[in-house]
Structure formats: C-alpha cells, structure tokens
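Given next are the chains, with one letter for each unit.
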Amino acid sequence: MSHHTDQNERAARPGGAVWALVITSVAGFMAALDNLVVTTALPSIREDLGGGLHDLEWTVSAYTLTFAVLLMSGAALGDRFGRRRLFLVGISIFTVASAAAALAPGIDSLIAARAVQGAGAAIMMPLTLTLLTAAVPAAKRGMAYGIWGAVNGLAIASGPLIGGSLTEHISWQWIFWLNVPLGIALLPLARLRLAESYGTGARLDIPGTLLASGGLFGIVYGLVRGPADGWTGRLVLTGLFAGGALLVGFVLYSTRAKNPMLPMRLFRSRAFSGINAASMLMFLGMFGSIFLLSQYMQGVLGYSPTEAGLRMLPWTGMPMLVAPIAGILADRIGGRPVVATGLFLQAAGLAYMASVVTVDVSYASQLPGLIISGVGMALFFAPASHLVMSSVRASEQGIASGANNALREVGGALGIAVMGSIFSAQGGYETGQTFVDGLRPALVTGATVVALAGVAALTIPGRRHGGAAVSPADQAPERVLETASR
C-alpha cells in the first residue's frame, strides 16, 4: 500500500494540478456532451440511414444505457488496476467508437457504436474526478471542481446546440468526428502528465459488479423504453421489476460482503446520502426540461437548431461564468448553502418558464427564466462534486464518484421518461398549442423535483470550521483525504 500512497502523493504538484484539470475537464466534456448531442440530429440521421422512431430513440438510449450501467464497474476497475491506466483505456474505447459511429453505414451499426461509446465513457468519467482530486491540493479543490463542473454542465446543456449546429452547417457525422482529435490529443497528455493512483488494493467484487450492472441495466432499460413501448409493456415491466430486485440483492449482498464494490456504510453519512439524492433529483428535473425546451424552441417557436441553441445560452452557458465563483464560495462558506441555493434558483427558473410558455411568447419574456435557471445550475455543479469527494475516504473516492455519476445518469433517464410521459398525456406534437399544453405540466413537474433536490441538499451537515461539509462520523475519512493530497 505504501507504494500506492507514494504515487498518490506525487500527483499533488502545482504543474500537475493544471494539467490534470485540463485533461479531466476535456474528457468529462466529451462524455457528458454525448448524452444529448444526438437529439437535434435525429431527423438528418433518419434521412441518411433510414429507420423508424424506435430505432432513432435507440441512438440516444444505447449510449445512456451502457454509460449508466457500467459507471460503478469502471470506477472499481480503476481502483483495482490503476486509475490512469483505466482512464487511458476508457478514452481509447470512446475515441474508436466515435469514429465507428461517424462511419456507420446503417442505423444498426450506429446504435452498436453508440453502445460501445457509452462503455468507454463509463470507464473514463468517474476516474476524471478521482485523478483530479489526487492532483490538486486540498485548499484549491473547490475552485478545481468548479471549473470541472462548469465544463461538464456546459457539455450537457449545450449538447443540442452543438449537435444542431454541426448537423445544420456540416453533417451529422461531425457530432462524432469532433471526439476523435480530442481523444487522440488526450492520450499522450494523460500518459505523461497524470500520476498513477490506486484504490484500496482489495480484490475486485465480481458478485457485486454483476448485481449492480444487471440491476441498473433493468431499471434504465425500463425507463428508456417506457414512453415508447408503454409502461405496461412486457419488456418494460420485466426490466423495471428484475432491475429493482437485482439492486435490492446488491444492497443486501453489499451489507454483508467483506470488500464490497460500494460499501453501504457510505450511505450512513448524511453528506454522502444527501448529495446523491440531490444530484439524482436535479438531473431528473434538468434533463427532462432541456429535452422538451429544445424541441419547443424549434417545433413551436420556429427557430433553427443553431438559433434555438443560441437562445438557450443564458441558461446553458451560465455555468462557464458562475461555476468557478461557486467553487471558491464553497471553499469559503461550505458546499451546502451554495448547492441548496442553486437548486432552489433552478426550480424557480423552471417554474417561471412554465408560467410564460405560449405558442408565440417573445424571447424577452423567456429570458429571466433562462438566466435564473443558468445561475442555479452553475451554483449546483461545482460544490456538488466537492461534497461527494469530501464525504468519503481518499481510497473510496473512485467508487463514490462512480456511484454519484450512475445516480445522475439514472436521474437523467428517469427525467426524460417521466416528463416525456406527462407531456404525452397532457399534449403532443400535433400543433403548437398541444405542445404547449403538454410542456407546461412537464415543466411544473421539473420545477417541483428540483425543489425537492434543494430540500435533500439541506439535509447535508454544515461544514466544520476549516473543512468541507462532513458529519462528525466522517471526520476520520476527511483527515485521510487531507493527508492524501499533501
């Protein structure tokens, strides 16, 4: 173990911190961007490759599915075999699969490439935070997480804009070609500039990995297919019930196992439980809202994909301006008040949008809601990462990051499923008015869910003087975290 500790300590050097921030932020951007980047390109993909609505939905869902299912496994493999090594493997898989998606001759091969792309993203995404934490001194982590969070928030929110612009002005294949030079540039940089680090050195938890992956697959599959196939469909119900049963099995197994992949005792920490509940609910409300609002701006208000994306910039671009400041604030006053404020602002912004959407609303009327939502989202992203990483021991940060990312992805899939179902039940795509009739109750639901995330954030313990927000039970893990960074 001392060998591993030495390497973890060597990572925390000033130059290494800047390089780690650049490398992990770009990798996180690539993985997060590909969640929603395809949505605005679907009509063009259908024109080129054929396929029905069911097939087109799978070009989005295949990525979400493998990404969510394999996140915790990716983190566990990194802890066991070396985080930098697995990070390089993840980037390689993601880059090759992106090229395969761009070259796909038909819809089936595109779906397969998207699934492999999601697997690569699942390996590299949770390790970005662990590698960043190892490289940045404890006092500077809030700001580093702020920049990392800003870049990730921008990627998720600007996916429809980037996808729409590339499709409109070049071709849909460039959505995927974009990742290839980035991936090729990251590989040597990560190899040379990141120090290797490991987790506890415990053996890989095979039963836990299989139970968690199987359970997440069933749940996410059911959520993704529910709106299209109907919630009473045989495969949807089987996925939801079997997935739920496997996840219950995973929890029961993990409470008894000697070296579980995700130690259940982590959830005894109010900081860890609170921030994970808040993250899942935030992504549920936000993903569903962005998914419907980007369609509303194009289908009802008549903007082109690029125009719609530009008009959403006060919301989607705000993290770039505010998140670094949020990170510094979290270092000074603690993460809880910043995260809770952000979530309540995001909820207020969505509620405002629900009150003003009509078939011919002016952009000036929408602007306050977009700005409030943008500031709220920015205040959430930076301190949330900090709270996750500071609520566990240094050796458990990889799996904590994987669990948090997995819950965010499940929240995102759930958001699109739930808000899509509310939209379909109350309205539809027939006319501008029917779209607004469905959009309004969906946005009210999104606002309510994000407000609940704010309530969950308030359950996180306040900070100790001079430290991050942790409960008294977590003081020892926090000390381990501090020493690991010196």
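In every chain, residue numbers begin from 1 and rise along the written sequence. Since the coordinates come from a predicted model, pLDDT governs what is reported: local features require at least 70, and pairs of side-chain atoms require 80 or more to be given and counted, while whole-chain, interface and lining totals use all residues. Side-chain metrics rest on all non-hydrogen atoms present in the structure, leaving aside hydrogens and water.

A. Main features of the overall build of the protein chain. When you go through the protein chain residue by residue, the secondary structure sums to 20 helices and 0 strands. For every residue, the accessible area obtained with a 1.4 Å probe (protein chains only) is divided by the maximum for its type, and the residue is called buried under 20%, exposed over 50%, and partly exposed between those limits. Out of the 486 residues belonging to the protein chain, those deemed buried represent 59%. In what follows, a contact means two residues having at least one pair of non-hydrogen atoms within 4.5 Å. For the protein chain, contacts bridging at least 24 residues in sequence account for 84% of all contacts bridging at least 6. All accessible areas in this document rest on Shrake-Rupley with a 1.4 Å probe, and a residue is counted as covered only by the protein chains that are shown. Roughly 17,700 Å² of accessible area belongs to the protein chain as shown, and the carbon and sulfur atoms make up 67% of that amount. Secondary structure counts use DSSP, requiring at least four H or I residues in a row for a helix and at least two E residues in a row for a strand, with both numbered from the N terminus.

B. Quick look at the packing of aromatic side chains. Each pair of aromatic rings taken from Phe, Tyr and Trp, with Trp reduced to its six-membered ring, is defined by centres within 6.5 Å and is described as stacked if the planes are under 30 degrees apart, edge-to-face if over 60, and tilted in the remaining cases. Following the criterion strictly, the structure yields 3 aromatic pairs and no others. Considering the side-chain rings of Tyr-296 and Phe-435, the 6.3 Å spacing of their centres and the 25° angle between planes classify their relative orientation as stacked. Of this pair, Tyr-296 sits in helix α12 (residues 270-299) while Phe-435 sits in helix α19 (residues 432-458), and the two are 139 residues apart along the sequence. Here Tyr-296 and Phe-435 have matching classes, each one buried. Grouping aromatic residues by their ring pairs yields a cluster made of Tyr-296, Phe-423 and Phe-435.

C. Quick peek at the nonpolar core. In this structure, Met-72, Phe-87, Met-282, Met-286, Tyr-296, Trp-315 and Leu-343 are the most contacted members of the largest nonpolar core, which totals 135 residues. Not counting chain neighbours up to four residues away, the residues in contact with Phe-87 comprise Ile-23, Ala-27, Met-124, Leu-127, Thr-128, Leu-131, Ala-190 and Leu-194. Ala-150, Met-318, Ala-326 and Val-338 belong to the second largest nonpolar core, which has 9 residues in total. Only buried residues count toward a nonpolar core, which is a set of Ala, Val, Leu, Ile, Met, Phe, Trp, Tyr and Cys residues joined through side-chain atoms within 4.5 Å.

D. Expanded view of α12. To estimate how far a helix should extend, the number of its residues minus one is multiplied by 1.5 Å. The end-to-end C-alpha distance of α12, which contains 30 residues, comes to 43 Å, matching closely the 44 Å that a straight helix rising 1.5 Å per residue would cover. Taken across its 30 residues, α12 has 21 buried, putting it largely inside the fold.

E. Quick look at the confidence of the model for the protein chain. For the protein chain, the mean per-residue pLDDT works out to 77, and 86% of the residues sit at or above 70. Segment residues 1-14: pLDDT under 50, and 23 contacts once partners within four positions in sequence are set aside and those in other chains are kept. Per residue, pLDDT measures the predictor's confidence, with a range of 0 to 100. Confidence drops under a pLDDT of 50 for residues 464-486, and excluding neighbours within four residues, the segment shows 43 contacts in the predicted structure.

F. A look at the environment of Pro-324. Along the polypeptide, Pro-324 turns up in helix α15 (residues 318-333). Residues Pro-324 and Ala-382 lie 58 residues apart in sequence; the distance between their C-alpha atoms is 7.2 Å. Aside from chain neighbours lying at most four places away, what touches Pro-324 is Gly-146, Ile-147, Ala-150 and Pro-319.

G. The side chain of Gln-366, seen in detail. With respect to the element layout, Gln-366 can be found in helix α17 (residues 363-390). When near neighbours in sequence (up to four residues on either side) are disregarded, Gln-366 contacts Tyr-296, Met-297, Leu-301, Tyr-352, Met-353, Val-356 and Val-361.

H. Geometry of the side chain of Gln-346. Of note, Gln-346 is situated in helix α16 (residues 335-356). Residue classification places Gln-346 among the buried positions, given a relative accessible area of 0%. Here a polar contact is recorded for every N or O atom pair within 3.5 Å, except that within protein the pair must consist of a potential hydrogen donor and a potential acceptor, and residues adjacent in sequence are included only if both atoms are side-chain atoms. A distance of 3.4 Å separates the side chain of Gln-346 from the backbone nitrogen of Met-377, its partner in a polar contact. Those residues in contact with Gln-346, other than ones at most four positions away along the chain, are Met-282, Met-286, Trp-315, Ile-372, Ser-373, Gly-376, Met-377 and Val-450.

I. Region of interest: the environment of Leu-237. Among the structural elements, Leu-237 can be located in helix α11 (residues 234-256). Separated by 14 residues in the primary sequence, Leu-237 and Leu-223 place their C-alpha atoms 9.6 Å from one another. In contact with Leu-237, other than residues within four places in its own chain, are Trp-231 and Thr-232.

J. Examining the packing of α12 against α17 more closely. Here an axis means a line fitted to C-alpha atoms, over the contact stretch when the element is a helix, while the angle between two N-to-C directions is reported on a 0 to 180 degree scale. With their axes 11 Å apart at the nearest point, α12 and α17 run at an angle of 150° to one another. When the interaxial angle is binned, α12 and α17 end up roughly antiparallel. With respect to the hand of their crossing, α12 and α17 are arranged in left-handed fashion. Here Ile-275, Ser-279, Met-282, Phe-283, Met-286, Tyr-296 and Met-297 of α12 lie close against α17, whose contacting residues are Gln-366, Leu-370, Met-377, Phe-380, Phe-381, Ala-384, Leu-387 and Val-388. Classes in brief: Ala, Val, Leu, Ile, Met, Phe, Trp, Tyr, Cys and Pro nonpolar; Asp, Glu, Lys and Arg charged; the others, Gly included, polar. Its residues assigned to classes, the contact of α12 with α17 shows 13 nonpolar, 2 polar and no charged. Any angle from 65 to 115 degrees is called roughly perpendicular, while one under 35 is roughly parallel, one over 145 is roughly antiparallel, and all others are oblique. Here is the rule for handedness: rotate from the far helix to the near one, and if that takes an anticlockwise turn smaller than a right angle the crossing is left-handed, while a clockwise turn gives right-handed.

K. The packing of α16 against α17, seen in detail. It is the contact of α16 with α17, at a shortest axis distance of 7 Å, that shows an interaxial angle of 155°. Classified by the interaxial angle, the pair formed by α16 and α17 is roughly antiparallel. Crossing geometry of α16 relative to α17 is assigned as left-handed. Its residues placed into classes, the contact of α16 with α17 shows 19 nonpolar, 10 polar and 1 charged.

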